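# Structure assessment
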Amino acid sequence: MLQYTQKRVNGIQDLERKLNELGYRVGIRALDLLVWRDKNSKRETRVLGMLYFIHTTVWKTMFGKQADSLEKSTENEDEYMISDNDPMVSKFISIPKDVSQLNCGAFMAGIVEAIMDGCQFPSRVTAHTVPIDGFPLRTTILIKLDREVLDREEQLK
């Protein structure tokens, strides 16, 4: 998939955007499948419940394990972060030196954005590599919620 996409783009940002779009298409289909499989599921109406669903159920289904952390930003009330210390999408990819800044987590960000949009939580989702000791591929998915989601959350309190 990466090789196919790399031949059809001009730069790293364009490549990450294409990976995000492919992830979005996968995410929409994965959401349909997850909702259909889980007969006892309820529709999440709160942001935290939705993010916890992604952090646990979606991650376990898509990548075989739960994400490592779910955090709320201390600086912005509309930002949340899901971190994966050893992302499956980056594990088996060798990135050429000419595109060393590429973050394959853009694919995961697309999946998360599709699921958030599909569940009526519009947001902008991006992926960032944040290496720490012992985890050089650690990826943080930054979820920036739209204003309408925050307004709806206020009304539900």
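Before reading on, note that the structure itself is shown above.
Here goes a summary of the coordinates provided. (Residues numbered from 1 in each chain as written. Predicted model: local features only at pLDDT ≥ 70, side-chain atom pairs only at ≥ 80, totals over all residues. Heavy atoms only, no water.)

## Things to note about the overall build of the chain
Within the chain one finds six helices and four strands. Along its sequence from the N terminus, the chain presents helices and strands in the succession α-α-α-β-β-α-α-β-β-α. At 16 Å, the chain has a C-alpha radius of gyration in line with the 15 Å of a compact globule built from 157 residues. Viewed in the frame of its principal axes, the chain has a C-alpha envelope of about 50 × 35 × 30 Å. Taking all 157 residues of the chain together, the buried fraction comes to 42%. Restricting to contacts in the chain with at least 6 residues of sequence separation, those with at least 24 account for 59%. Of the accessible surface of the chain, which amounts to about 9500 Å², a share of 52% is contributed by carbon and sulfur atoms. (Helix = DSSP H or I, 4+ residues; strand = E, 2+ residues; numbered from the N terminus. Rg over C-alpha atoms; globule rule 2.2 N^0.38 Å. Buried < 20%, exposed > 50% of the residue type's maximum accessible area, 1.4 Å probe, protein only. Contact = heavy atoms within 4.5 Å. Areas by Shrake-Rupley, 256 points an atom, 1.4 Å probe, with all protein chains shown as cover.)

## Some remarks on a nonpolar patch on the surface
On the surface, a nonpolar cluster with roughly 220 Å² of combined accessible area is contributed by Val130, Ile132 and Phe135. You can see phenylalanine 135 is positioned in the loop between strand E3 (123-129) and strand E4 (139-145). (Patch = residues over 30% accessible without salt bridge, like charges linked within 9 Å, V, L, I, M, F, W, Y side chains within 5 Å. Salt bridge = Lys/Arg side-chain N within 4 Å of Asp/Glu carboxyl O.)

## Examining the sheet that holds strand E2 (residues 79-84)
If you walk across this open sheet you meet the four strands as E1-E2-E4-E3, and the pairing is antiparallel. Bordering the open sheet on either side are strand E1 (69-72) and E3, each of which pairs with just one other strand. The sheet shows a mean angle of 20° between the axes of neighbouring strands, direction not considered. Note: E3 against E4, seven bridges, orientation antiparallel. Following the sheet pairing, threonine 129 is matched in E4 by threonine 139. Lying over the sheet, helix H3 (residues 47-63) contacts E1, E2 and E4, oriented at roughly 15° with respect to E2. (Pairing = 2+ DSSP bridges. Axes fitted to C-alpha atoms, helices over the stretch in contact; angles between N-to-C directions.)

## Quick word on the pattern of salt bridges
In the structure shown here, the tally under the stated rule is 10 salt bridges. The closest approach of N and O atoms between arginine 46 and glutamate 153, which form a salt bridge, is 2.9 Å. One end of the pair, arginine 46, is in the loop between helix H2 (12-37) and H3; the other, glutamate 153, is in helix H6 (residues 147-156), and 107 residues separate them in sequence. Arginine 46 gets classed as partly exposed once you look at its relative accessible area, which sits at 31%. Between lysine 144 and glutamate 79 there is a salt bridge; the shortest N-O distance is 3.8 Å. On the criterion of sequence distance, the pair formed by lysine 144 in strand E4 and glutamate 79 in strand E2 is long-range, its members being 65 residues apart. When its relative accessible area of 36% is taken as the criterion, lysine 144 is described as partly exposed. Each member of the salt-bridge network shares a partner with another, and the members are Asp14, Arg17 and Glu21.

The quantities given are spatial measurements derived from coordinates; they are silent on function.
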